[in-house]
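The lines below spell out each chain.
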Amino acid sequence: MLREDLYTPWFQDNDWGFEFISGEFLGTVVQITEVKLPDDSGGEASVDYHVINRPEHVTEEDIKGDLFRTSFELVINDILKEAIDNYENNKQQPV
């Protein structure tokens, strides 16, 4: 799990996202607006987001680059894995 090492999630009302707490994008805050999971096992998740805080050391070009995309994907995959694990561990068994 990368939570609390690379990022920390945040929640406010119906909004949620994460903040990078280490690495190249330290201090960058991202709001997730929608996550679409594929209908089949062969597809990829689609995530709509926007950066709501970008520190001075992080440029617009950085946000559009491969390193940000890779870091973002790591965080999203970590969040989705945690959510799936929590669901699997907490789902009720039929009586």
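Higher on the page you've got the structure.
Residues numbered from 1 in each chain as written. Predicted model: local features only at pLDDT ≥ 70, side-chain atom pairs only at ≥ 80, totals over all residues. Heavy atoms only, no water.

*Asks:* What's the story with the overall build of the chain in this structure? I'm lost.
*Replies:* A tally of helices and strands in the chain yields two helices and four strands. For the chain, the sequential pattern of α-helices and β-strands runs β-β-β-β-α-α. With respect to the principal axes defined by its C-alpha atoms, the chain has extents near 55 × 25 × 25 Å. By the burial criterion, 28% of the 95 residues in the chain qualify as buried. Long-range contacts, defined as pairs at least 24 residues apart, comprise 38% of the intrachain contacts of the chain with a sequence gap of at least 6. Put simply, the chain shows about 6900 Å² of open surface, and 47% of that area lies on carbon and sulfur atoms. Counting 7 positive and 21 negative side-chain charges, the chain places the centres of these two groups 3 Å from one another. (Helix = DSSP H or I, 4+ residues; strand = E, 2+ residues; numbered from the N terminus. Buried < 20%, exposed > 50% of the residue type's maximum accessible area, 1.4 Å probe, protein only. Contact = heavy atoms within 4.5 Å. Areas by Shrake-Rupley, 256 points an atom, 1.4 Å probe, with all protein chains shown as cover. Lys, Arg positive; Asp, Glu negative; His and termini not counted. Charge placed at Lys NZ, Arg CZ, Asp CG, Glu CD.)

*Asks:* What am I meant to see in the pattern of salt bridges here?
*Replies:* Here the idea is simple: oppositely charged side chains can pair when their charged atoms come close. Summed over all chains, the structure comprises five salt bridges. Across the pair aspartate 85 and lysine 81 runs a salt bridge, and its minimum N-O distance is 2.9 Å. Highlighted residues: aspartate 85 and lysine 81, both in helix α2 (residues 66-90), separated by four residues, approximately one helical turn. The class for lysine 81 is partly exposed, based on a relative accessible area of 47%. (Salt bridge = Lys/Arg side-chain N within 4 Å of Asp/Glu carboxyl O.)

*Asks:* Can you walk me through the nonpolar core in this structure?
*Replies:* One recurring pattern in soluble globular proteins is that nonpolar side chains are buried together. Grouped together as the largest cluster of nonpolar side chains are 15 residues, with contacts concentrated most on Phe18, Phe20, Ile32, Phe68, Phe72 and Val75. Elements with a minimum of two residues in this core: β2 (15-20), β3 (29-36) and α2. The leading source of residues in this core is α2, at five residues. Those residues in contact with phenylalanine 68, other than ones at most four positions away along the chain, are Phe20, Phe25, Thr28, Val30, Tyr49, Val51, Asp62 and Ile63. (Core = buried A, V, L, I, M, F, W, Y, C linked by side-chain atoms within 4.5 Å.)

*Asks:* Looking at this structure, I do not really get the side chain of glutamine 31. What am I missing?
*Replies:* Here glutamine 31 shows up in strand β3. Of the polar contacts made by the side chain of glutamine 31, one reaches the side chain of aspartate 15; its length is 3.2 Å. Setting aside residues no more than four positions away along its own chain, glutamine 31 makes contact with Trp10, Asp15, Trp16, Gly17, Asp48, Tyr49, His50 and Ile52. (Polar contact = N/O pair within 3.5 Å; in protein donor to acceptor, adjacent residues only side chain to side chain.)

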